[in-house]
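The chain contents come next:
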Amino acid sequence: MIWPALRWTLFHLEPERAHRLAHAALHRVTPGLARLRRPKVPPELHVSCLGLEFDGPVGLAAGFDKGDAAIAGLFALGFSHVEIGTITPRPQPGNEPPRLFRLVEHRALINRMGFNNAGAEVCAQRLSRVPPAARMGPVGVNVGKNKTTPNEDAAADYLACIDRLHPYADYLVVNISSPNTPGLRQLQEREQLDALLRACVARLRERAPGKPLLVKLAPDLSPTALDEAVDVAIEAGVSGIVATNTTLSRAGVERHPRATEAGGLSGAPLEPLATSVVRRCYARAAGRVPIVGAGGVMSAEDAYAKIRAGAALVQVYTGLVYGGPGFVRQLNDGLAKLLARDGFRSVAEAVGADHRPAERASV
Ligand SMILES: Cc1cc2nc3c(=O)[nH]c(=O)nc-3n(C[C@H](O)[C@H](O)[C@H](O)COP(=O)(O)O)c2cc1C
């Protein structure tokens with residue numbers, strides 16, 4: 001109920017400042033308080049995926065917590081899992097501010113943060129201090145390369161992050177899809193992707209056998225490039241695919257004064273594109289690995305659309321900025337109703353339903 005007033009206040013602040021304030025508040029939440037306040041997730045939303053248990057399908061996408069590890073506060077919002085990062089081996093400041101913009105009329109953001117983070121060592125120390133009671137679900141760590149590292153040496157950066165951070169991660173994500181690190185997205189091309197992912201998979205198998213490693217893809221790949229990336233990733237041994245990161249497209253926001261800002265667009269305008277990518281990844285993966293769907297989930301209907309398109313789990317960032325602290329509970333409650341409406345007894349039953357003709361009726 002106080003969210004409209006709080007949002008009004010936060011939205012009058014410079015976006016990064018508002019983010020810092022919100023994050024600082026989440027940092028103050030103790031595990032005890034988090035357990036007390038955490039909204040109950042309807043039991044039918046339980047998801048078993050990647051060899052892990054999730055009490056619901058909705059998690060926090062990477063980029064909101066870039067290694068400060070406000071774990072208890074984030075779980076208190078109702079997320080089933082929290083993805084930290086992107087973390088790079090060495091600390092880096094990211095791009096010059098301003099680098100985060102609201103497109104309020106479109107319920108969207110444009111960001112060109114550029115992997116601002118304190119580096120793998122500091123992040124590992126912070127995660128090591130998180131009390132076990134704060135981990136109310138799986139914690140993922142999303143890793144990347146430093147801006148100054150040339151693509152030829154990128155693998156060493158990812159491996160350094162895996163080495164230092166795997167003890168604190170229930171799963172790891174190789175991020176090669178941020179539009180804000182020059183050249184990063186080239187790592188999605190066949191040969192580079194194959195070499196990078198094989199090296200990462202081998203290293204994690206050596207260090208922590210059985211721990212899942214996922215890859216996060218951009219929504220801007222052509223259909224053929226996407227199919228190829230999915231095949232290469234699965235053949236390299238990844239456990240899952242996160243689809244998608246932000247987009248370079250400005251479709252739907254062309255006339256907004258901020259549309260010309262460089263960076264990745266997220267939120268409502270990304271939804272149709274990201275969902276189509278989830279759909280294609282699911283079809284191509286054909287059950288070999290699960291798909292984690294992200295991009296423009298602003299309502300329970302959006303989350304449900306991702307699940308029906310093939311997402312076993314769903315992640316949100318921009319929706320939280322616009323929807324506030326009650327957002328995840330709204331998604332979970334709404335999802336439970338949508339599943340019941342369509343006669344699904346679990347999330348798993350609904351995953352990929354759009355691909356099965358008999359279940360297309362309610363699309
Ligand atoms: C401000 C901001 C920073 C982000 N930083 C990262 C990041 O560091 N690593 C990453 O993999 N994704 C990052 N993302 C992308 C999100 O994880 C997500 O994939 C994308 O925003 C689409 O989801 P949404 O529409 O729910 O925001 C960032 C997004 C935003 C808005």
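The model shown is predicted, which means the values in this text are computed figures rather than measured ones.

Colleague: A description of the overall build of the chain should follow, citing residues and the corresponding values.
Modeller: If you tally the helices and strands in the chain, you get 13 helices and 13 strands. Against the compact-globule benchmark of 21 Å for 363 residues, the chain has a radius of gyration of 19 Å, which places it among compact chains. Considering only C-alpha atoms, the chain reaches an extent of 50 × 50 × 45 Å along its principal axes. Looking at the chain as a whole, 60% of its 363 residues are labelled buried. Across the chain, contacts joining residues at least 24 apart in sequence account for 74% of those joining residues at least 6 apart. In the structure as shown, the chain presents an accessible area of about 14,900 Å², 56% of it carried by carbon and sulfur atoms. Looking at the chain, you have 43 positive and 35 negative side-chain charges, and the mean spots of the two groups are 5 Å apart.

Colleague: Go over the environment of Asn142, please, and point to the residues and values.
Modeller: Assignment of secondary structure puts Asn142 in strand β7 (residues 139-143). Looking at Asn142, the relative accessible area reads 0%, which means it is buried. In sequence terms Asn142 and Val238 are 96 residues apart; their C-alpha atoms lie 14 Å from each other. Once you skip the residues sitting within four places of it in the chain, Asn142 turns out to touch Ala62, Glu83, Ile84, Gly85, Thr86, Ile87, Val173, Asn175 and Lys216.

Colleague: Would you mind going over the nonpolar core in detail, with residue names and values included?
Modeller: In summary, soluble globular proteins display a tendency toward joint burial of nonpolar side chains. If you look at the biggest cluster of nonpolar residues, it comprises 103 residues, and the most contacted ones within it are Ile71, Phe79, Leu127, Tyr158, Leu165, Ile176 and Leu213. Per-element accounting of this core gives the leading share, 7 residues, to helix α8 (residues 223-236). By size, the runner-up hydrophobic cluster in this structure holds 11 residues, among which are Ala18, Leu100, Leu109 and Met113.

Parameters and conventions
- Residues numbered from 1 in each chain as written.
- Predicted model: local features only at pLDDT ≥ 70, side-chain atom pairs only at ≥ 80, totals over all residues.
- Heavy atoms only, no water.
- Helix = DSSP H or I, 4+ residues; strand = E, 2+ residues; numbered from the N terminus.
- Rg over C-alpha atoms; globule rule 2.2 N^0.38 Å.
- Buried < 20%, exposed > 50% of the residue type's maximum accessible area, 1.4 Å probe, protein only.
- Contact = heavy atoms within 4.5 Å.
- Areas by Shrake-Rupley, 256 points an atom, 1.4 Å probe, with all protein chains shown as cover.
- Lys, Arg positive; Asp, Glu negative; His and termini not counted.
- Charge placed at Lys NZ, Arg CZ, Asp CG, Glu CD.
- Core = buried A, V, L, I, M, F, W, Y, C linked by side-chain atoms within 4.5 Å.

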